[in-house]
Amino acid sequence: MSDREAPSGADDDLSLPKATVAKMITELLPNDVVCAKETRDLVIECCVEFIHLISSEANEICEQESKKTIAPEHIISALKRLGFDSFTTEVEDVLKEHKQQQKDREKKVSKFEQSGLTPEELLAAQEELFAASRAKFQSTSGAT
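Definitions and cut-offs
Residues numbered from 1 in each chain as written. Predicted model: local features only at pLDDT ≥ 70, side-chain atom pairs only at ≥ 80, totals over all residues. Heavy atoms only, no water. UniProt positions renumbered as here; feature names shortened; annotations may be inferred. Salt bridge = Lys/Arg side-chain N within 4 Å of Asp/Glu carboxyl O. Buried < 20%, exposed > 50% of the residue type's maximum accessible area, 1.4 Å probe, protein only. Helix = DSSP H or I, 4+ residues; strand = E, 2+ residues; numbered from the N terminus. Contact = heavy atoms within 4.5 Å. Phe/Tyr/Trp six-rings, centres within 6.5 Å; stacked < 30°, edge-to-face > 60°. Polar contact = N/O pair within 3.5 Å; in protein donor to acceptor, adjacent residues only side chain to side chain. Axes fitted to C-alpha atoms, helices over the stretch in contact; angles between N-to-C directions. Parallel < 35°, antiparallel > 145°, perpendicular 65-115°, else oblique. Nonpolar A, V, L, I, M, F, W, Y, C, P; charged D, E, K, R; others polar.

Identification of the chain as Histone-fold-containing protein from Roridomyces roridus is taken from an unreviewed UniProt entry. In the Subcellular location (unreviewed entry) part of its UniProt record, the chain is described as follows: "Nucleus".

See the structure below:
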């Protein structure tokens, strides 16, 4: 059995969230056009099949390169191999954007670093806050 042949019923539990797909379809259609549930379900089935096709092809490319992890480059190669060349530019753009977002996320400094205070100053401020909180708690619990 090849990688492309799944045992019968193996893909029955694979799907995409119906609400998410319905929202995507609704956002793309003009306001005066509605999408039947059967149509939404068909779109979901087509998307799942497309994902399966691309990932199977990418897996074959990966195996040919003796790699154990499918990389984004394998997906792009799979798209080209399967005749979806017109998608590759947009996929490459999205990949660049994703990588940039990852870099930006890593560059975000913590609140500790943003404060500009030394660890000793932060500890002193924390102790003052705890003392104030403790005093407030004791004053309210002593009044009852």
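Still to come is the rest of the account.
**Student:** Could you give an account of the pattern of salt bridges, with specific residues and numbers?
**Tutor:** Enumeration over the complete set of coordinates arrives at 2 salt bridges. A salt bridge links Arg40 to Asp41, with the nearest nitrogen and oxygen atoms 3.0 Å apart. What makes Arg40 buried here is its relative accessible area of 15%. A salt bridge links Arg81 to Glu57; its shortest N-O distance comes to 2.9 Å. Taken together, the positions of Arg81 in helix α3 (residues 72-81) and Glu57 in helix α2 (residues 37-64) put the pair 24 residues apart, joining distant regions of the chain.

**Student:** Account for α3, naming residues and giving values.
**Tutor:** Buried within α3 we find His74, Ile76, Ala78 and Leu79. Phi turns positive, to about 90°, at Gly83, one or two residues after α3.

**Student:** Report on the environment of Ile44, specifying residues and quantitative values.
**Tutor:** Within the element layout of this structure, Ile44 appears in helix α2. Exposure remark for Ile44: the relative accessible area of 4% places this residue in the buried category. Remark: the alpha-carbon pair of Ile44 and Val21, spanning 23 residues in sequence, is separated by 7.1 Å. When sequence neighbours within four positions are dropped, the list of residues in contact with Ile44 reads Ser15, Leu16, Lys18 and Val21.

**Student:** Got a sec to walk through the packing of aromatic side chains? Specific residues and values, please.
**Tutor:** One pass over the full model with this rule turns up 3 aromatic pairs. Centroid distance Phe50 to Phe87: 6.2 Å. Interplanar angle 40°. Geometry classified as tilted. Of the two residues, Phe50 is situated in helix α2 and Phe87 in helix α4 (residues 85-107); the sequence distance between them amounts to 37 residues. Assessed through its relative accessible area of 40%, Phe87 is described here as partly exposed. Members of the aromatic cluster, each reached through a chain of ring pairs, are Phe50, Phe84 and Phe87.

**Student:** Residues and numbers for the side chain of Thr88, please.
**Tutor:** Here Thr88 is to be found in helix α4. For Thr88, a relative accessible area of 7% gives the class buried. A polar contact is formed between the side chain of Thr88 and the backbone oxygen of Asp85, at a distance of 2.7 Å. Ignoring sequence-local partners within four residues, the contact set of Thr88 consists of Ile76, Leu79 and Lys80.

**Student:** I'd like a rundown of the packing of helix α1 (residues 18-28) against α2, residues and numbers included.
**Tutor:** Where α1 contacts α2, the two axes come as close as 10 Å, and the packing angle between them is 105°. Taken together, α1 and α2 sit at an angle that is classed as roughly perpendicular. Contacts between α1 and α2 involve Lys18, Val21, Ala22 and Ile25 from the first element and Arg40, Asp41, Val43 and Ile44 from the second. When its residues are assigned to classes, the contact of α1 with α2 shows 5 nonpolar, no polar and 3 charged.

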